[in-house]
Amino acid sequence: MNRAIPSIVSIAMACALPWMALAQDARPGPSFHEAVGMAWAIDPVRTELQVGHHSARARASAAGSWFAGGPTLSGEYMDDHMLGSNEGYTTYQGGVSVPLWLPGQGSATKQVASAEAASIDEQLNVEHMALSIRVLDAAAAALIARSRVDVARTLYDATARMAASATRAVQGGELAATDGQVAQAAMENARNELALAQEEAENATAALDVLLGHPVVPDLARYGEGDVTHARFIAPRDMEDNDPRIKVAHRNVEAAEANMKLARRSFMPNPEIGVDAIHEKQYGSPWDDRVGLNFSIPLPSEVRNTPIMSEAHNRLATATSQETQARRMVHLELIRVRERLITATTARQATRSAAESMEKRAAAQEHAWRAGEASLDTALAARQAAANTRLASARAEVEWHVASIRMLIATGIVP
């Protein structure tokens, strides 16, 4: 049993080193708003949507052209050499033509491109909101993991202290050897819990680092009830209408309606008009050059128009359905966010009081054990219960701040 004390010291030192590293990283981090800005700056989806937005704007600008497409060049060359007569009959013919807009087709094409660009604008807001929630969840996981390390460290210190006392008592014949083994086992369990907590903290911090691009943990503790009280949109209907997911669904409906209008305007292929020039070399011909106009007007066909109209109807039906589903989803989510904030507030108050009471009980039980008035099992169980309650209180504290920020995000604010 004499070797137990040095082993306890070495174990304590081994666990203290990673804990010191975590303590250095636990200094106050940036605000949540700054953290979201870090993540937004390196978000690949943002870049993709911005490229799509520029493309849609370019299509809208191109739709303002005078013609429905680029010019078409045509040319012909004919002679009598292949027939073997070789009388010098040669014809050169060339032309250029351009497609024309059908009535209202150009403005309808521009409206479709503009509506799609507006939809992508709202998709950027949706992605920003989704990214804010991902940052919030990752930050909460990192903070809860650090709290677990803190609680595990405190529990390990307490069990190591009790194990050292038990070892001395066993050596002095004041305590049974089995009690010393129980204390040693409790310390080893606490040491294992500390190692697991440190692993979880490292993984959670690494996940947050990848998301933010910086090795920081945002400070969520600065956000609470006052921020929610002063939110700009308190009425549920205002919160729903301000939600970017509903806005983007409505923009998609507008784009689908514009596409339906374009499909109606495109009731036939675009006609073409152009200029032709002919130069002929013919024996005895009184003329050799001619210039004229050409036009091409494809006629409407159900074979072509029916699939176009069907696709436009399907797009509009899908967009309308998605808007209805988005409103239902957002409405339900707002109810859940509100209820979550209420529950988190209650849990925060209850677990804080419970943690204080259990910590006092654990200290009293340890004192009673040292005075010989309580068993070692009871003292260790009280200490473990206090650690569990303290961890629950720390988790509830973080979740309350998370619920407050989540409510702010639901109102359209990134605090």
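In this text the structure is predicted, and so the values were computed from the model without any measurement.

(A) Structural view of the overall build of the chain. Along the chain, the regular secondary structure elements total ten helices and four strands. Across the chain, helices and strands are ordered from the amino to the carboxyl terminus as α-α-α-β-β-α-α-α-α-α-β-β-α-α. Burial status across the chain gives 39% buried among its 415 residues. Counting contacts in the chain only where the partners sit at least 6 residues apart, residues at least 24 apart contribute 83% of the total.

(B) Examining the nonpolar core more closely. Phe 32, Val 135, Leu 136, Leu 220, Trp 369, Ile 405 and Ile 409 are the most contacted members of the largest nonpolar core, which totals 56 residues. Of all the secondary structure elements, the ones that give two or more residues to this core are helix H2 (32-41), helix H3 (44-62), helix H4 (105-171), helix H5 (177-212) and helix H10 (376-410). Examining the composition of this core, we find that 25 residues originate from one element, H4, more than from any other. Each residue touching Val 135, except ones within four places of it in the same chain, is listed here: Phe 32, Ala 35, Val 36, Ala 39, Leu 208, Leu 211 and Leu 212. Among the nonpolar cores identified, the runner-up in size contains eleven residues, and Ile 246, Leu 334, Val 337 and Met 407 belong to it.

(C) Summary view of H10. If you check H10, its first and last C-alpha atoms are 50 Å apart, about what 35 residues at 1.5 Å a residue would give, namely 51 Å. In the stretch just after H10, Gly 412 is the one whose phi turns positive, near 95°.

(D) Focus on H5. In this model, H5 (36 residues) spans 52 Å end to end at C-alpha, consistent with the 52 Å of a helix rising 1.5 Å per residue. Within two residues after H5, Gly 213 carries a phi angle of roughly 80°, on the positive side.

(E) Here's a closer look at the sheet that holds strand E3 (residues 272-281). Taken together, four strands build an open sheet; the order of strands is E1-E2-E3-E4 and the sheet is antiparallel. Each edge of the open sheet is held by one strand with a lone partner, namely strand E1 (72-79) and strand E4 (289-296). Looking at each pair of strands side by side, their axes are set apart by 15° on average, direction ignored. Relative to E3, strand E2 (residues 90-99) runs antiparallel, the two being bridged by ten bridges. Paired with Tyr 92 across the strands is His 279, a residue of E3.

(F) Expanded view of the packing of H4 against H5. Running from N to C, H4 and H5 cross one another at 160°; their axes reach a closest spacing of 7 Å. Comparing their axes, H5 and H4 come out roughly antiparallel. In this structure, H4 meets H5 at a crossing whose hand is left-handed. Partitioned by chemical class, the residues of the contact of H4 with H5 number 29 nonpolar, five polar and seven charged.

Calculation rules
- Residues numbered from 1 in each chain as written.
- Predicted model: local features only at pLDDT ≥ 70, side-chain atom pairs only at ≥ 80, totals over all residues.
- Heavy atoms only, no water.
- Helix = DSSP H or I, 4+ residues; strand = E, 2+ residues; numbered from the N terminus.
- Buried < 20%, exposed > 50% of the residue type's maximum accessible area, 1.4 Å probe, protein only.
- Contact = heavy atoms within 4.5 Å.
- Core = buried A, V, L, I, M, F, W, Y, C linked by side-chain atoms within 4.5 Å.
- Expected span 1.5 Å × (residues − 1).
- Pairing = 2+ DSSP bridges.
- Axes fitted to C-alpha atoms, helices over the stretch in contact; angles between N-to-C directions.
- Parallel < 35°, antiparallel > 145°, perpendicular 65-115°, else oblique.
- Left-handed = near helix turned anticlockwise from the far one by under 90°.
- Nonpolar A, V, L, I, M, F, W, Y, C, P; charged D, E, K, R; others polar.

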